[in-house]
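# Per-entry structural report
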Amino acid sequence: MVYLVLDDFGDLGRAYCETDVERTGLEAVISDLLSGQYKNPVRVVGFNTAEGWSEDVSADVARELRLRCDEQMRDVPFFLQDFVDRYEGRYHDVQLPLRMRLA
């Protein structure tokens, strides 16, 4: 499988970053994420070119990042915190009901 990271460059937009073909495996992508190669990752997509399919693997990658940081007894790096929180389900948009008063 080939894994690519969608990174957010702010005003410059988002892009799947150019990477060496040797750095597209899951282990390499996780290592690159932890080392700061991606500053604001949005999504990780896995491509199975042999079978002709792709899928968003962001939640799996986020869980693995959290697991590795926990095993190393360290915090998730600040540049990955939003990514990990988003895919671990820590951010939940909640809309509270607003009572309307009729005159």
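Predicted, not measured: the structure shown is a model, and the values here were computed from it.

This next bit is on the overall build of the protein chain. For the protein chain, the helix and strand inventory stands at 3 helices and 4 strands. Its helices and strands taken in sequence order, the protein chain reads β-β-α-β-β-α-α from the N to the C terminus. Within the protein chain, the fraction of its 103 residues that count as buried is 34%. In the protein chain, the share of contacts with a sequence separation of at least 24, taken over all contacts with a separation of at least 6, comes to 54%. Counting only carbon and sulfur atoms, one obtains 50% of the accessible surface of the protein chain, whose full area is about 7500 Å².

Turning our attention to the packing of aromatic side chains. Under the criterion given, the structure shown has 2 aromatic pairs. A centroid spacing of 5.3 Å and a plane angle of 80° characterise the contact between Phe78 and Phe79, whose relative ring orientation is edge-to-face. Classification of Phe78 by relative accessible area gives exposed; the value is 73%. Take Phe79: its relative accessible area is 15%, and that puts it in the buried class. Consider the rings of Phe83 and Tyr87, whose centres lie 5.1 Å apart with planes at 55°: the pair is tilted. In this pair, Phe83 and Tyr87 both sit in helix H3 (residues 78-88), 4 residues apart, roughly one turn of the helix. Geometry around Phe79 places Lys39 over its ring, the cationic atom sitting 5.3 Å from the centre.

Rules of the game
Residues numbered from 1 in each chain as written. Predicted model: local features only at pLDDT ≥ 70, side-chain atom pairs only at ≥ 80, totals over all residues. Heavy atoms only, no water. Helix = DSSP H or I, 4+ residues; strand = E, 2+ residues; numbered from the N terminus. Buried < 20%, exposed > 50% of the residue type's maximum accessible area, 1.4 Å probe, protein only. Contact = heavy atoms within 4.5 Å. Areas by Shrake-Rupley, 256 points an atom, 1.4 Å probe, with all protein chains shown as cover. Phe/Tyr/Trp six-rings, centres within 6.5 Å; stacked < 30°, edge-to-face > 60°. Lys NZ or Arg CZ within 6 Å of the ring centre and 35° of its normal.

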